[in-house]
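Residues per chain, in single letters:
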Amino acid sequence: IFLVVDPNQTEAEATCRQLAASAPGAECIIATTGEAAILALTERRLIPSMILAEFTLPDMNAIEFLGLIRQERWLSGVAVGILSNAASDREIVSCYRLGLKAFLGKPARLMELRETVRDFARDAQVLSAAAIVERNDDLPHSAAA
């Protein structure tokens with residue numbers, strides 16, 4: 001199960017189609033903002049195989065999104081890839097310092113996406129709500145419910 005975070009629904013669906021071609025049987029969850037992405041994973045109690053996000057989201061950029069992911073201890077090990085043509089070298093370096101696994105041009109070329117998935121994606125996991133709270137004492141109780 002992959003999480004695709006992109007405010008452009010058409011581009012998000014295209015990424016999901018590429019993921020399906022790269023990893024047959026892959027499922028996608030689409031979110032349009034960074035906050036919606038975290039909420040979707042929390043509600044499903046899901047650690048996805050990998051997260052692929054657009055660099056510029058309506059509520060934050062990729063640097064802020066990676067920071068948010070890394071603050072959630074239960075998500076801290078998830079591989080994240082960024083899809084974009086609009087980031088500076090300095091922004092890309094900042095993303096890698098926050099644990100980014102891959103930076104892909106947008107739209108991603110199928111071979112690059114396939115290699116990224118092969119190299120970094122792991123099996124998705126569903127956790128109990130208690131496990132999410134245990135892993136992150138700072139998570140608001142209302143978000144974990």
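Preceding this paragraph is the structure being described.
In this report, the structure presented in the accompanying data block is examined. (Residues numbered from 1 in each chain as written. Predicted model: local features only at pLDDT ≥ 70, side-chain atom pairs only at ≥ 80, totals over all residues. Heavy atoms only, no water.)

1. Details of the overall build of the protein
Move 1: When you go through the protein residue by residue, the secondary structure sums to seven helices and seven strands.
Move 2: When the helices and strands of the protein are listed from N to C terminus, the series reads β-α-β-α-β-β-α-β-α-β-α-β-α-α.
Move 3: Looking at the protein residue by residue over its 145 residues, the buried ones come to 45%.
Move 4: Within the protein, counting contacts between residues at least 6 apart in sequence, those at least 24 apart form 71% of the total. (Helix = DSSP H or I, 4+ residues; strand = E, 2+ residues; numbered from the N terminus. Buried < 20%, exposed > 50% of the residue type's maximum accessible area, 1.4 Å probe, protein only. Contact = heavy atoms within 4.5 Å.)

2. Some details on the pattern of salt bridges
Move 1: Per the stated rule, a full pass over the model turns up five salt bridges.
Move 2: In this structure, the salt-bridge partner of K106 is E11, at a minimum N-O distance of 2.5 Å. One end of the pair, K106, is in the loop between β6 (102-104) and α5 (110-120); the other, E11, is in helix α1 (residues 9-22), with 95 residues separating them in the sequence.
Move 3: The class for K106 is buried, based on a relative accessible area of 14%.
Move 4: Relative accessible area serves as the criterion here: at 34%, E11 is assigned to the partly exposed category.
Move 5: Sharing partners across several salt bridges, the network here consists of D6, E11, E54 and K106. (Salt bridge = Lys/Arg side-chain N within 4 Å of Asp/Glu carboxyl O.)

3. Structural notes on the sheet that holds strand β5 (residues 80-83)
Move 1: One open sheet accounts for five strands, arranged β2-β1-β4-β5-β6; its pairing is parallel. Looking along the sheet, the strands with just one partner apiece sit at the ends: β2 (28-31) and β6. For this sheet the average axis-to-axis angle between neighbouring strands, irrespective of direction, equals 20 degrees.
Move 2: Alignment of strand β1 (residues 2-5) against strand β4 (residues 50-54), held across four bridges, turns out to be parallel. Looking across to β4, one finds that V5 is bridged to A53. (Pairing = 2+ DSSP bridges. Axes fitted to C-alpha atoms, helices over the stretch in contact; angles between N-to-C directions.)

4. A word on the nonpolar core
Move 1: Core analysis: the biggest nonpolar cluster contains 30 residues, and L3, V5, I51 and F65 have the highest contact counts within it.
Move 2: Breaking this core down by element, the ones donating at least two residues are β1, β2, α2 (34-44), β3 (46-47), β4, α3 (62-71), β5 and α4 (89-97).
Move 3: Residue contributions to this core peak at five residues, all from α3.
Move 4: Within the second largest apolar cluster, 14 residues are counted, among which are A12, A23, L104 and A108. (Core = buried A, V, L, I, M, F, W, Y, C linked by side-chain atoms within 4.5 Å.)

5. Points about the pairing of β1
Move 1: On β1, burial covers both faces: F2 and V4 on one face and L3 and V5 on the other are all buried.
Move 2: Across four bridges, β1 lies against β2 in parallel orientation. Directly across from V4, in β2, lies its bridge partner I30.
Move 3: Crossover handedness for the path β1 to α1 to β2: right-handed. (Right-handed = clockwise from strand over helix to strand, strands pointing away.)

6. Some remarks on α1
Move 1: The terminal C-alpha atoms of α1 lie 20 Å apart, and with 14 residues this matches the ideal 20 Å at 1.5 Å per residue to within 8%.
Move 2: Of all the positions in α1, only A12, T15, C16, Q18, L19 and S22 are classed as buried. Burial along α1 is one-sided: seen end-on, the buried residues are contained in an arc of 160 degrees. Opposite the buried face of α1, at more than 90 degrees from it, the exposed residues are T10 and R17.
Move 3: The inward-facing, buried residues of α1 contact β1, β2, β4, β5 and α5.
Move 4: Its side-chain oxygen at 3.0 Å from the backbone nitrogen of T10, N8 defines the N-terminal cap of α1. (Expected span 1.5 Å × (residues − 1). Arc of directions from axis to C-beta. Polar contact = N/O pair within 3.5 Å; in protein donor to acceptor, adjacent residues only side chain to side chain.)

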